[in-house]
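As a plain string of letters, each chain reads:
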Amino acid sequence: MTNEAGCRQAGSVWAGHRLRTARLVLRLATAADVECLPPLLDDWEVVRLTARIPHPYGSADAAAFVAEQESRRHSGQGVALLLERTIDGAVIGCVGFGLDGEGNPELGYWIGRAYWGQGYAVEALRRLIRHLFETLGFASVWAQVHPDNLGSKQVLAKLGFAPDGCGTCAMPARGESVVSPRFALERAKWSAAHAARPHLLVVAAALVDGDGRVLMTTRPPGKTMAGLWEFPGGKVAPGETPEQALVRELEEELGLDVTESCLAPVGFASHDYDTFHLLMPLYVVRVWQGTPTPREGQSLRWVRAARLADLPMPPADIPLVAVLREWV
Ligand SMILES: Nc1nc2c([nH]c(=O)n2[C@@H]2O[C@H](COP(=O)(O)OP(=O)(O)OP(=O)(O)O)[C@@H](O)[C@H]2O)c(=O)[nH]1
């Protein structure tokens, strides 16, 4: 766990973890990623304020990056994780860290230009930071950004980082060094904010038809995780029982009439999203009045239980797929 200087080694603590967020999987790069990196990184606007990404950027640079990251990870210098979108498997950017001389992680990140302004950097870094503090036990993390990189400063502010002086930042790929502001986040501050995240009670239904297929719906445009496939349902309102909430939600979302007596609880999701903890009982429903009609712009699909795992879904739903296989 520690190197000769007494520092924790990144390679010895990063055993290939894949981290999930609401919309992303954070994973190590492999040789199969070499072709997807140049379309994202051969873009001056993306790389001009970064320290080490060459410009122009081609397949040879991507292959060198993948090889270098493997050796950095194994030698305990740092870890880079590509951001893969759950909905379509597209690689959209990268987050990572390198250990400084005192063994503290310094964060780095970039997002492909087509994916700017959608909260992906904050979402991915929030997950990485949580892993660094909660699982790997680091005491603080820091980052240094080019003075002109306003977007990057905003990302760090949203994550709770505070200014922490200035330092000279070598930018070998740009052929210069720049005096840049530093930002830091201590574990105690992060822990207090994280502990204050709310619990959310949501209720969901697996509507099962006569052929044993389950009705899945996409999250409507404009909602969090839009486009991912989920079980119909929604938040339990104050004063409602979960069953009452489900009867209401199925009528609002799908125009279906179910009575509470038709609802059979079969399991629940307890998922710690980075900004709230979800508790979601799942009910199997086999009897209803009406034809499922998308009333909120969602898509509908009847899916065999054995094929549910093929759909991109919120991370909380993944364990429920196995539960449903036993019931359907
Ligand atoms: N309905 C539903 N929500 C889910 C599932 N999985 C999952 O993580 N969630 C999460 O649970 C929360 C439900 O919120 P929602 O926006 O659907 O609730 P709602 O219909 O009451 O929406 P509203 O607050 O816009 O009125 C969201 O954060 C959603 O991402 C699922 O399978 N079904």
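In the annotation of an unreviewed UniProt entry, the entry for the chain reads 8-oxo-dGTP diphosphatase, and the organism field reads Magnetospirillum fulvum. On record in UniProt, under Cofactor (unreviewed entry), the comment for the chain is "Mg(2+)". Quoted straight from UniProt, the Sequence similarities (unreviewed entry) entry for the chain says "Belongs to the Nudix hydrolase family."

Chemist: An account of the overall build of the chain is needed here, citing residue identities and associated values.
Modeler: Per the secondary structure count, the chain includes nine helices and 15 strands. C-alpha extents for the chain along the principal axes are approximately 70 × 40 × 35 Å. Relative to its full complement of 328 residues, the chain shows a buried share of 34%. Considering only contacts in the chain between residues 6 or more positions apart, those separated by 24 or more positions represent 62%.

Chemist: Run through the UniProt feature "domain: N-acetyltransferase" (unreviewed entry) in the chain, naming residues and quoting values.
Modeler: The sites that carry the UniProt feature "domain: N-acetyltransferase" (unreviewed entry) are, in the present numbering, residues 32-186. Across residues 32-186, helical content stands at 32% and strand content at 32%; the span's end C-alpha atoms are separated by 36 Å.

Chemist: Before we move on, could you go through helix α5 (residues 120-135) and cite the residues and values that matter?
Modeler: The end-to-end C-alpha distance of α5 is 22 Å, a good match for the 22 Å that 16 residues give at a rise of 1.5 Å each. Taken together, the buried positions of α5 are Y120, A121, A124, L125, R126, R127, L128, I129, L132 and F133. In the stretch just after α5, G137 is the one whose phi turns positive, near 80 degrees.

Chemist: Let's hear about the environment of V202: which residues, and what values?
Modeler: Mapped onto the fold, V202 is located in strand β9 (residues 199-207). C-alpha separation for the pair V202 and L19, spaced 183 residues apart in sequence, amounts to 23 Å. Excluding anything up to four places from it in sequence, V202 contacts G233, G234, K235, V236, L278 and M280.

Chemist: So, unusual backbone geometry: which residues are in play, and what are the values?
Modeler: What is expected of a backbone is that most residues other than glycine have negative phi and most peptide bonds are trans. Cis geometry marks the peptide bond from H55 to P56, where omega comes out at -5 degrees. If you trace the backbone, P56 turns up in the loop between α3 (44-47) and α4 (59-74). One non-glycine residue, M225, adopts positive backbone phi at about 60 degrees. The class for M225 is buried, based on 20 C-beta atoms found within 10 Å.

Chemist: Talk me through the site of the ligand; I want residue IDs and the actual numbers.
Modeler: Lining the immediate environment of the ligand, one finds 15 residues, of which E230, G233, G234, K235 and P314 sit closest. Breaking the shell around the ligand down by element, the ones donating at least two residues are β9, β12 (233-235) and β14 (277-285). Of all the elements, β12 adds the most residues to the shell around the ligand, at three residues. Tallied by class, residues from the shell around the ligand come to eight nonpolar, three polar and four charged.

Chemist: Describe in detail the pairing of β9, supporting the description with residues and values.
Modeler: Strand direction decides the pairing type here: β9 and β14, joined by seven bridges, are parallel. By the bridge assignment for β14, A204 is matched with L282. Sheet analysis places β9 next to β12, joined by three bridges and oriented antiparallel. If you follow V202 over to β12, its bridge partner there is K235.

Chemist: For the environment of V79, give the residues involved together with the corresponding values.
Modeler: Note that V79 resides in strand β3 (residues 78-85). Distance in space between the C-alpha atoms of V79 and R286 is 48 Å, their sequence separation being 207 residues.

Chemist: Could you give an account of the UniProt feature "domain: Nudix hydrolase" (unreviewed entry) in the chain, with specific residues and numbers?
Modeler: Cross-referencing UniProt, the feature "domain: Nudix hydrolase" (unreviewed entry) maps to residues 198-326 in the present numbering. Secondary structure across residues 198-326 divides into 17% helix and 34% strand, with the first and last C-alpha atoms of the span separated by 31 Å.

Chemist: Any details on the nonpolar core? Residues and values, ideally.
Modeler: Of all hydrophobic cores here, the largest spans 44 residues; its most connected members are L83, V95, A124 and L125. Once residues within four sequence positions are removed from consideration, L125 is found in contact with V95, L107, Y109, V155 and L159. Counting residues in each nonpolar core, the second largest holds 33 residues, with A206, L228, L282 and W288 among its members.

So, how was this worked out
- Residues numbered from 1 in each chain as written.
- Predicted model: local features only at pLDDT ≥ 70, side-chain atom pairs only at ≥ 80, totals over all residues.
- UniProt positions renumbered as here; feature names shortened; annotations may be inferred.
- Helix = DSSP H or I, 4+ residues; strand = E, 2+ residues; numbered from the N terminus.
- Buried ≥ 20, exposed ≤ 12 C-beta atoms within 10 Å, placed from the backbone.
- Contact = placed C-beta atoms within 7 Å.
- Expected span 1.5 Å × (residues − 1).
- Near = placed C-beta within 6 Å.
- Nonpolar A, V, L, I, M, F, W, Y, C, P; charged D, E, K, R; others polar.
- Pairing = 2+ DSSP bridges.
- Core = buried A, V, L, I, M, F, W, Y, C linked by C-beta atoms within 7 Å.

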